[in-house]
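# Structure at a glance
Listed here are the chains, written in short residue letters.
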Amino acid sequence: MRRRGEDGTALIEVTWLAILLMVPLVYVVLAVYDVQRHAFAATAAARAAGRAFVLAPDVAQATAHAREAAAVALGDQRVDPGDVRVDIACEPAGDCLSPGSVVVVDVRTQVRLPLMPSVLGDGAPSIRVDAAHRVPYGTFREDRS
């Protein structure tokens, strides 16, 4: 009677263990990378929008310039600007381009986790990413209003 040895079983066990550990690890790395990309894009968009707003000649053009600058910053990170909400407010309210005012830009987006089926629709798991940036207009600048 011939007995079966355990030769080669360690290779099989290590292979299965590597697969079971590597697949979730790779997924987590992909998800973290995607969230970090969106976070960096939101931060860059808020900063660019604030700077474009205070450099514009008037408030009407300032909003358009800020939204365009945010879209460019988002596009640099391959984030769809249509999925991102950009809010611009001024402190004190309604007095954006006057000396001493502060422009506040908030950028918000939802990052859908990668490789989730589209069947889930709006119920798909996602992570909210926010960025805010405050840009002072400057006390010693010419009043543009």
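In this report, the structure presented in the accompanying data block is examined. All values derive from a computational prediction rather than experimental measurement. (Residues numbered from 1 in each chain as written. Predicted model: local features only at pLDDT ≥ 70, side-chain atom pairs only at ≥ 80, totals over all residues. Heavy atoms only, no water.)

The next thing to look at is the state of the cysteines. Counted under the stated rule, the structure contains one disulfide. Disulfide pairing is shown between Cys90 and Cys96; the S-S distance is 1.7 Å. Taking the sign of the torsion about the S-S bond as the criterion, the disulfide between Cys90 and Cys96, at about 95°, is right-handed. Residue classification places Cys90 among the buried positions, given a relative accessible area of 11%. Residue classification places Cys96 among the buried positions, given a relative accessible area of 12%. (Disulfide = S-S within 2.5 Å. Buried < 20%, exposed > 50% of the residue type's maximum accessible area, 1.4 Å probe, protein only.)

A few words now on helix 2 (residues 59-76). Between its first and last C-alpha, helix 2 extends 26 Å over 18 residues, near the 26 Å set by a 1.5 Å rise per residue. Buried within helix 2 we find Ala62, Ala66, Ala69, Ala70, Ala73 and Leu74. Along the axis of helix 2, the buried residues cluster in a sector spanning 135°; they form a single face. Seen from the open side of helix 2, the exposed residues pointing more than 90 degrees away from its buried face are Ala60, Glu68 and Val72. Contact partners of the buried residues in helix 2: helix 1 (9-55) and strand 1 (84-91). (Helix = DSSP H or I, 4+ residues; strand = E, 2+ residues; numbered from the N terminus. Expected span 1.5 Å × (residues − 1). Arc of directions from axis to C-beta. Contact = heavy atoms within 4.5 Å.)

Residues Ala45, Phe53, Leu74, Val84, Val86, Val105 and Val107 are the most contacted members of the largest nonpolar core, which totals 28 residues. No other element matches helix 1, which puts eight residues into this core. Excluding residues that lie within four positions of it along the chain, Val86 makes contacts with Arg67, Ala70, Val105, Asp106 and Val107. (Core = buried A, V, L, I, M, F, W, Y, C linked by side-chain atoms within 4.5 Å.)

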